[in-house]
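Secondary and tertiary structure notes
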Amino acid sequence: MVPIQIDYNHIDVSNIMDQIKAQIAERPKASPLELQQPLREGRSVEPQPQPQPENEGPAGPRSRAKRIMLKVMKPFAPLIKFLVLPVHEELRQTILSLDRTNRRLDSLCATMEETQRRLDIAVEDVNQRVNETNNRVDEAFLQISRRNDYIKLLHNLSHNIVVELTKLKIEEESLKSKARIMEKDFEFLQKREKALEKLALK
Amino acid sequence: MKLALVVQRYGLEISGGAELHCRWVAEHMAKHAQVEVLTTKAYDYITWKNHYPHDREVINGIPVRRFPVDKTRNPERFGRIQNFVLQNEHRETDELRWLDEEGPHAPALIAHLKEHREEYDYFTFFSYRYYHSYWGLQTVPEKSILVPTAEHDPVVHLRIFRNLFHLPQAFIYNSVEERKMINSLSRNETILGDIVGVGSEIPADISGERFRSKYSVVGDYILYIGRIDENKGCHKLFEYFLAFKKETGSPVKLFLAGSTVLKIPSHPDIVYLGFVSEQDKFDALDGALLLAMPSFYESLSMVAVEAWALGKPVLANAQCEVLKGQCLRSNAGLFYESCEEFSEALKLLLSSEKLRQAMGENGRQYFGQNYTWEVIEGKYLKILDQLEARKREGA
């Protein structure tokens with residue numbers, strides 16, 4: 001492992017942290033069980049000394065078995081590496097945040113669907129009312145139109161009545177004057193009759 | 001000029017967070033302006049139960065006006081509402097209900113701001129997320145300055161705060177990361193603001209040896225100072241430290257100072273000191289090899305700043321962007337995202353005294369350039385000058 005390079009006259013924390021991260025990344029990855037072990041022990045109140053099996057040294061059967069397992073599993077190394085790699089805490093936080101956002105979006109979607117359903121019902125109700133009102137308006141228009149026709153008819157009728165009455169009046173006047181003439185003619189004829197009678201009797 | 005500093009709690013007993021930040025700012029700004037603190041009668045930040053009996057008092061020369069909390073917080077109900085608000089689709093009224101439940105519910109404080117707004121030139125609100133800041137900023141936006149002390153926790157994403165971040169006349173941020181976060185959330189880049197943070201009072205007489213003899217300390221140790229809490233990442237610190245011990249067999253110890261709400265592992269190399277005095281804290285820091293800062297959420301770690309002031313490197317949690325950013329800017333601390341990184345970084349720091357010294361020197365410089373009270377007061381005064389100039393232009 002390359003020791004961490006530090007310029008003590010110009011300390012660069014960012015650079016030191018990059019080197020630390022790189023060193024950690026270079027380390028051979030432990031199995032998930034091995035990774036969890038220190039955490040579990042860290043949580044215990046008083047760490048208990050672990051008994052060491054006598055035959056399990058660096059070259060013991062467990063170590064040999066591990067070597068054989070590693071050899072057998074070598075083709076699957078990238079996959080194992082991928083599965084074993086601890087998910088970066090930042091990534092975990094991002095995923096948690098995205099998950100939270102997703103849940104909020106789901107809840108928002110559910111609320112939106114419910115609101116949409118209510119809106120649909122309300123729109124349907126409004127449409128029905130509008131149709132009813134339209135029908136009433138049409139009916140009212142029809143009635144108004146009929147009344148208009150009646151009014152027109154009545155107007156024509158009254159006009160015709162006036163015309164006829166005027167004609168009758170004129171005719172009446174004409175007949176009256178004819179009657180007067182005939183009356184005068186009759187008076188004249190009466191006078192003539194009397195005069196002729198006188199003459200005849202003489 | 002009369003400044004009102006508005007904060008949720010205030011008192012000598014309160015040893016951290018925005019409250020201590022406010023007290024230090026008040027005590028230092030008193031040199032330049034007439035300062036008054038407006039706060040509640042609460043001491044317990046879980047329930048906000050009224051604790052301080054007097055309406056007015058003077059603390060370290062600063063007049064303090066206290067207003068009663070008329071509704072204590074029910075932690076269970078608050079937790080339920082917070083879970084609902086953070087995990088479900090909800091309306092703005094739900095967020096306001098959350099704010100109301102979070103408290104400290106002190107309407108008399110808001111009424112005082114409304115009635116006496118003309119008596120003060122500026123109101124500086126500390127901590128954006130509490131009742132006093134939300135309603136206070138709505139009441140006197142034209143005279144307000146906000147010290148948000150915002151951490152990267154989910155609450156900052158609530159809708160009610162997006163508009164809130166447009167109300168103040170100026171912002172006093174604790175860090176570059178806090179400013180970026182608030183700007184990106186509310187697009188309020190146009191509002192006047194500066195990265196200020198808070199200074200630190202370093203006692204003249206500090207001795208690591210005194211701490212060693214007082215607490216019978218033998219051997220090297222790393223130090224954690226603060227509330228021992230899962231929210232502060234202490235459970236991970238214990239886990240990683242024990243894993244490091246197992247891996248390396250190093251004799252180094254972990255010392256913890258502060259109140260605890262977490263069960264501390266019973267291990268001979270994890271030593272709990274309890275709540276220590278300011279003098280003991282600095283002595284302990286002086287004797288330590290480095291300071292561990294495992295917190296996930298910080299808007300500014302005062303204790304990290306103090307460690308740098310004393311020339312001690314910091315090993316911080318990289319998941320806290322503020323701490324990571326500070327380590328990178330100062331070149332005075334390493335950070336970790338996993339157990340392996342913790343182990344490697346700690347190994348490197350413990351193995352090289354030269355590295356610790358170089359980082360410590362960087363820390364001292366970083367503190368001198370950014371966190372001495374002369375610098376902090378200067379930044380506050382500059383913001384006030386800019387606001388005054390703007391006011392004159394407006395007039």
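Just so you know, these numbers come straight off a predicted model, no measurement behind them.

Description of the overall build of chain B
When helices and strands are tallied, chain B shows 15 helices and 14 strands. The buried share among the 395 residues of chain B stands at 47%. When contacts within chain B are restricted to residue pairs at least 6 apart in sequence, long-range pairs at least 24 apart make up 66% of them.

Focus: the overall build of chain A
Helix and strand content of chain A: five helices and zero strands. For chain A, the succession of helices and strands along the chain, N to C, is α-α-α-α-α. Buried residues in chain A amount to 3% of all 202 residues.

Concerning helix α5 (residues 131–139) of chain B
What α5(B) keeps buried is the set B:Tyr131, B:His132, B:Ser133, B:Tyr134, B:Gly136 and B:Leu137. The elements touched by buried residues of α5(B) are β1 (2–6), α3 (92–102), α4 (107–115), β5 (122–126), β6 (144–147) and α6 (159–164) of chain B.

Focus on the packing of helix α2 (residues 75–87) of chain B against α3(B)
All names here are of chain B. Two numbers describe how α2 lies on α3: the axes approach to 9 Å, and their chain directions differ by 150 degrees. With respect to their mutual orientation, α2 and α3 come out roughly antiparallel. Between α2 and α3 the crossing geometry is left-handed. Listed contacts from α3 to Arg77, Phe78, Ile81, Gln82, Phe84 and Val85 of α2 are Asp94, Glu95, Arg97, Trp98, Glu101 and Glu102. Of the residues that constitute the contact of α2 with α3, the class distribution is five nonpolar, one polar and six charged.

Observations concerning the sheet that holds strand β8 (residues 192–195) of chain B
Residue and element names in this part refer to chain B. Strand order across the open sheet formed by eight strands is β3-β4-β2-β1-β5-β6-β7-β8, with mixed pairing between neighbours. Edge positions in the sheet fall to β3 (56–59) and β8, since each has one partner strand and no second. Put simply, the sheet's adjacent strands are angled 25 degrees from each other on average, direction ignored. Packed on one face of the sheet, helix α15 (residues 373–394) meets β5, β7 (170–173) and β8 and runs near 170 degrees to β8.

Examining the interface of chain B and chain A
Counting residues at the interface gives 32 residues for chain B, matched by 26 residues for chain A. Among the secondary structure elements, those contributing two or more residues to the side of chain B that touches chain A are α9 (234–248), α12 (321–330), β14 (333–336), α13 (339–351) and α14 (353–370) of chain B. With seven residues, the top contributor of residues to the side of chain B that touches chain A is α9(B).

Some details on α9(B)
All names here are of chain B. End to end, α9 covers 21 Å across 15 residues, agreeing with the expected 21 Å (1.5 Å per residue, within 8%). Of all 15 residues that make up α9, eleven are buried, and the element is covered over most of its length. Burial in α9 covers these residues: Cys234, Lys236, Leu237, Phe238, Glu239, Tyr240, Phe241, Leu242, Ala243, Phe244 and Lys245.

A short note on the confidence of the model for chain B
When the pLDDT values of chain B are averaged, the result is 91; 100% of them are 70 or greater. Predicted as a complex, the structure gets a pTM of 0.63 and an ipTM equal to 0.77.

Quick look at the confidence of the model for chain A
Residue and element names in this part refer to chain A. Of the residues in chain A, 77% reach a pLDDT of 70 or more, and the chain-wide mean stands at 80. Mean pLDDT values for the elements of chain A range from 42 in helix α2 (residues 32–43) up to 91 in helix α5 (residues 89–201). Contacts of residues 31–59 to residues separated by more than four positions or lying in other chains number 30 contacts, the stretch itself having pLDDT below 50.

Quick notes on the packing of helix α7 (residues 176–186) of chain B against α12(B)
All names here are of chain B. One can describe the packing of α7 onto α12 by two numbers: an axis separation of 8 Å at closest approach and a directional angle of 135 degrees. Judged by the inter-axis angle, α7 sits oblique to α12. For the pair formed by α7 and α12, the contact residues are Val176, Glu177 and Glu178 on the first element and Glu321, Val322 and Gly325 on the second.

Focus on the environment of B:Ile376
Residue and element names in this part refer to chain B. Within the fold, Ile376 resides in helix α15. Note: C-alpha distance between Ile376 and Gly197 (179 residues apart in sequence) is 7.3 Å. Apart from residues no more than four positions distant in its own chain, Ile376 is found in contact with Val196, Gly197, Val198, Gly199 and Tyr371.

As for the pairing of strand β9 (residues 221–225) of chain B
Residue and element names in this part refer to chain B. Within β9, five of the five residues are buried, which leaves the element mostly enclosed by the surrounding structure. Pairing of β9 with strand β10 (residues 253–257) involves five bridges; the strand directions are parallel. By the bridge assignment for β10, Ile222 is matched with Leu254.

Some details on unusual backbone geometry
All names here are of chain B. The amide bond that connects Gly103 to the next residue, Pro104, takes the cis arrangement and shows omega of -5 degrees. The topology assignment puts Pro104 in the loop between α3 and α4. Positive phi is not limited to glycine here, since Arg187 has a value of about 50 degrees. Counting through the fold element by element, Arg187 comes out in the loop between α7 and β8. A residue is classified by how many C-beta atoms lie within 10 Å of it, and Arg187, with 11 of them, is exposed. Positioned with a positive phi, Asn331 is a non-glycine residue whose angle comes to about 55 degrees. By secondary structure assignment, the location of Asn331 is in the loop between α12 and β14. Using a count of 21 C-beta atoms within 10 Å as the deciding quantity, one classes Asn331 as buried.

Reading the values: the criteria
Throughout, residues of each chain are indexed from 1 in the direction in which the sequence is written. All chains are assigned letters beginning with A, and all ligands numbers beginning with 1, in the order in which they are written. For a predicted model such as this one, the threshold for reporting local features is a pLDDT of at least 70, and the threshold for listing and counting side-chain atom pairs is 80 or more; totals across whole chains, interfaces and linings nevertheless cover every residue. Under the DSSP-based scheme used, a helix requires at least four consecutive residues in state H or I and a strand at least two consecutive residues in state E, with every element numbered from the N terminus. Partly exposed residues are those falling between the two cut-offs: more than 12 but fewer than 20 other C-beta atoms within 10 Å of their own, whereas 20 or more means buried and 12 or fewer means exposed, with C-beta atoms placed from the backbone. Two residues qualify as being in contact provided that their C-beta atoms, derived from the backbone, are within 7 Å of each other. Only the contacting stretch of a helix is used when fitting its axis, a line to C-alpha atoms as for every element, and angles between N-to-C directions run 0 to 180 degrees. Orientation categories follow fixed angle ranges, with anything under 35 degrees roughly parallel, anything over 145 roughly antiparallel, 65 to 115 roughly perpendicular, and all other angles oblique. Working rule for handedness: look at the near helix, and if it is turned counterclockwise from the far one by less than a right angle, call the crossing left-handed; if clockwise, right-handed. In the scheme used here, Gly and all other residues not listed as nonpolar or charged are polar, with Ala, Val, Leu, Ile, Met, Phe, Trp, Tyr, Cys and Pro taken as nonpolar and Asp, Glu, Lys and Arg as charged. DSSP-based pairing: two strands are paired if at least 2 bridges between them are found. What a helix should span is 1.5 Å times the count of its residues minus one. The pLDDT value expresses, per residue, how confident the predictor is, ranging between 0 and 100.

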